[in-house]
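Survey of secondary and tertiary structure
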Amino acid sequence: MKSYEELLSDIEEDMELMGSSHMVYAMEEDSIITDYDYLPSDSCTISITLRELQEKIHLQMLYAKTSAHIPEADKNAPKLAVIFPGIGYTADKPLLYYTSRLARKHGYQIQTVSYGSLPENVKGDPEKMKQAFDLALEQAEQALSQIDWNSYGSILFISKSIGTAISSAYASRHDLAVKNILFTPLAETFSFPLAGSIAFHGTADPWAETDSIRKLAAQKDVPLFLTQNANHSLETGDVLTDIFILKTTMERVQRFI
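Residues numbered from 1 in each chain as written. Predicted model: local features only at pLDDT ≥ 70, side-chain atom pairs only at ≥ 80, totals over all residues. Heavy atoms only, no water.

**Structural notes on the environment of E209**
Heads up, the rule is: Helix and strand assignments come from DSSP, with helices taken as H or I runs of at least 4 residues and strands as E runs of at least 2, each series counted from the N terminus.
Following the sequence through the fold, E209 ends up in the loop between β8 (197–202) and α6 (210–219). Sequence spacing of E209 and M1 is 208 residues, and the spatial spacing of their C-alpha atoms is 38 Å.

Written as structure tokens, this is what we have:
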């Protein structure tokens with residue numbers, strides 16, 4: 001089987017010859033694309049453009065790098081998932097609620113961090129945002145102070161918005177090797193080590209500029225899932241579209257967990 005680097009090299013050559021929108025046919029095993037060809041066959045059945053194929057292969061490569069940073073779980077030890085909500089986006093809202101359910105299904109105990117009172121109207125105000133971050137991190141420290149991290153065979157952090165910065169800062173401060181799911185991360189989140197993380201971002205998110213988030217994620221080798229026209233809650237305002245987005249997001253989350 002070809003390596004990701006070999007596949008990406010082949011795709012780049014074909015894009016130069018035929019263009020990025022040229023249709024090819026991919027082979028998939030266990031939801032992983034392993035090869036492609038110019039014509040459909042018994043093994044290559046998935047119709048896809050070269051550009052889309054390039055993006056999928058690149059994402060798979062990042063997934064593999066992310067997994068390499070995560071230590072092998074001790075199957076005999078308990079597992080812990082910690083929820084770091086956003087400001088106003090609490091643990092009972094869709095992204096965090098359903099991710100918690102998936103984590104519990106896979107054997108994780110659930111602990112939710114509560115921040116208490118934080119400054120209001122922090123958007124666009126760096127000073128208030130810094131105050132909110134410092135207060136929330138202090139609350140996280142207090143909420144998690146009694147946890148013996150070494151007693152867990154696998155640790156999963158699930159975070160939203162400012163919570164992505166809190167979870168990443170906490171993991172860095174305590175030198176924890178964790179899986180980290182970053183829902184709609186802020187630019188500040190990428191100032192921390194993010195090995196073992198994946199991220200989700202909506203291109204209509206008013207809290208984080210898409211090109212900036214894309215570049216920051218690439219610099220940290222963080223797989224980034226973009227949802228077109230979605231806001232800071234990964235929603236568009238159309239109910240059926242938003243249900244589909246949630247389903248797709250949870251499928252990706254489950255694969256990561």
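**With respect to the packing of aromatic side chains**
Aromatic ring pairs are defined here through the distance separating the ring centres and the angle between the ring planes. The test is simple: Only rings of Phe, Tyr and Trp enter the pairing, Trp through its six-membered ring, and a pair is recorded when the two centres are within 6.5 Å. The plane angle decides the type: under 30 degrees is stacked, over 60 is edge-to-face, the rest tilted. Only protein chains enter the area calculation, which uses a 1.4 Å probe; residues under 20% of their type maximum are buried, those over 50% are exposed, and those in between are partly exposed.
A full pass over the atoms with the stated rule returns 10 aromatic pairs. For the ring pair Y63 and F256, a centre distance of 6.4 Å and an interplane angle of 40 degrees mean the geometry is tilted. Here the residue Y63 occupies a position in helix α2 (residues 50–69), and F256 occupies one in helix α7 (residues 239–256), the gap between them amounting to 193 residues. Overall, F256 belongs to the buried group, its relative accessible area being 7%.

**With respect to unusual backbone geometry**
For D221, which is not glycine, the phi dihedral falls at a positive 55 degrees. Within the secondary structure layout, D221 lies in the loop between α6 and β9 (224–227). On the accessibility criterion, D221 (35% relative accessible area) is partly exposed. Phi at L234 takes a positive value of approximately 60 degrees, unusual for a residue other than glycine. Tracing the chain through its elements places L234 in the loop between β9 and α7. Given the relative accessible area of 2%, L234 is considered buried.

**Re the sheet that holds strand β2 (residues 32–37)**
Operational definition: DSSP-based pairing: two strands are paired if at least 2 bridges between them are found. Here the axes come from fitting lines to C-alpha atoms, over the contacting stretch only for helices, and the angles between their N-to-C directions go from 0 to 180 degrees.
Pairing in this open sheet of three strands is antiparallel, and the strands run β2-β1-β3 from one edge to the other. Either end of the sheet is taken by a strand with one partner, and the two such strands are β2 and β3 (46–49). Within the sheet, the average angular offset between the axes of one strand and its neighbour, ignoring direction, is 45 degrees. With five bridges joining them, strand β1 (residues 23–29) and β2 adopt antiparallel strand pairing. Residue pairing across strands places A26 opposite Y36, the latter belonging to β2.

**Looking at helix α5 (residues 162–173)**
The test is simple: Expected helix span is taken as 1.5 Å per residue step, with the number of steps being one fewer than the number of residues. Contacts are assigned to residue pairs that have any heavy atoms within 4.5 Å of one another.
End to end, α5 covers 17 Å across 12 residues, agreeing with the expected 16 Å (1.5 Å per residue, within 8%). For α5, the buried fraction is high: 10 of the 12 residues fall into the buried class. Every buried residue of α5 is accounted for by I162, G163, T164, A165, I166, S167, S168, A169, Y170 and A171. Tucked into the core, α5 has its buried residues touching β4 (79–84), α4 (126–143), β6 (154–160) and β7 (179–183). Following α5 by one or two positions, D175 adopts a phi angle in the positive range, close to 55 degrees.

**Focus: the sheet that holds β8**
Sheet architecture is open: six strands sit in the order β5-β4-β6-β7-β8-β9, paired in parallel fashion. Edge strands, defined here as strands with exactly one partner in the open sheet, are β5 (108–112) and β9. For this sheet, the mean angle separating the axes of adjacent strands, direction not counted, is 15 degrees. Note that β6 and β7 share five bridges and pair parallel. Across the sheet, S159 pairs through a bridge with L182, a residue of β7.

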